[in-house]
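# Summary of structural features
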Amino acid sequence: MARITIRVEPRRGDNSPCSHAVKPSGKPRNPQSGCPGRTQFTVVCSEHGDVGDPHHVRVLAEPAALAHRQEHRAALAAR
Ligand SMILES: [Zn+2]
Ligand SMILES: [Zn+2]
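Attention shifts here to the coordination of the zinc ion (ligand 1). Protein-derived coordination of the zinc ion (ligand 1) comes from Cys18 (SG), His20 (ND1) and Cys35 (SG), at a distance range of 1.8 to 2.3 Å. Taken in sequence order, the residues that donate to the zinc ion (ligand 1) follow the motif C-x1-H-x14-C. On the basis of relative accessible area, Cys18 is assigned to the buried category, the value being 3%.

Here it is in structure tokens:
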């Protein structure tokens, strides 16, 4: 069985992934990157893709990622 990975992915306003280094304000450290800054965080599961709605702050996305991970664990245990 493939290992399932669940992570929190920063996204920009147009929902594209942002992997730039950012300041605590969410703006990119390098102004030349052309990045408008990340505005949301989405939980991404290797099996389900995007999980639920995007979160505006990482501290809300992390418990959602944890909850999804526990759902997988429960599903495996039920077999
Ligand atoms: Zn970016
Ligand atoms: Zn999943």
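A separate point is the pairing of strand E2 (residues 38–45). Regular strands show a simple pattern: their side chains alternate between the two faces of the sheet. Of all the eight residues making up E2, seven are buried; the element is thus mostly covered by neighbouring parts of the structure. Across seven bridges, the pairing between strand E1 (residues 6–12) and E2 is antiparallel. Each bridged residue has a counterpart across the sheet, and for Arg7 the counterpart in E2 is Val44. With four bridges connecting them, E2 and strand E3 (residues 49–55) associate as antiparallel partners.

A separate point is the side chain of Ser16. Here Ser16 is to be found in the loop between E1 and E2. Judged by relative accessible area, which is 18%, Ser16 ranks as buried. Engagement of the side chain of Ser16 in a polar contact is seen with the side chain of Asp14, the distance being 2.6 Å. Those residues in contact with Ser16 that lie beyond four places of it in its chain are Pro10 and Arg11.

The rules behind each value
Residues numbered from 1 in each chain as written. Chains lettered and ligands numbered in written order. Predicted model: local features only at pLDDT ≥ 70, side-chain atom pairs only at ≥ 80, totals over all residues. Heavy atoms only, no water. Donors = N, O, S within 2.8 Å, 3.2 Å for Na, K, Ca; no water. Buried < 20%, exposed > 50% of the residue type's maximum accessible area, 1.4 Å probe, protein only. Helix = DSSP H or I, 4+ residues; strand = E, 2+ residues; numbered from the N terminus. Pairing = 2+ DSSP bridges. Polar contact = N/O pair within 3.5 Å; in protein donor to acceptor, adjacent residues only side chain to side chain. Contact = heavy atoms within 4.5 Å.

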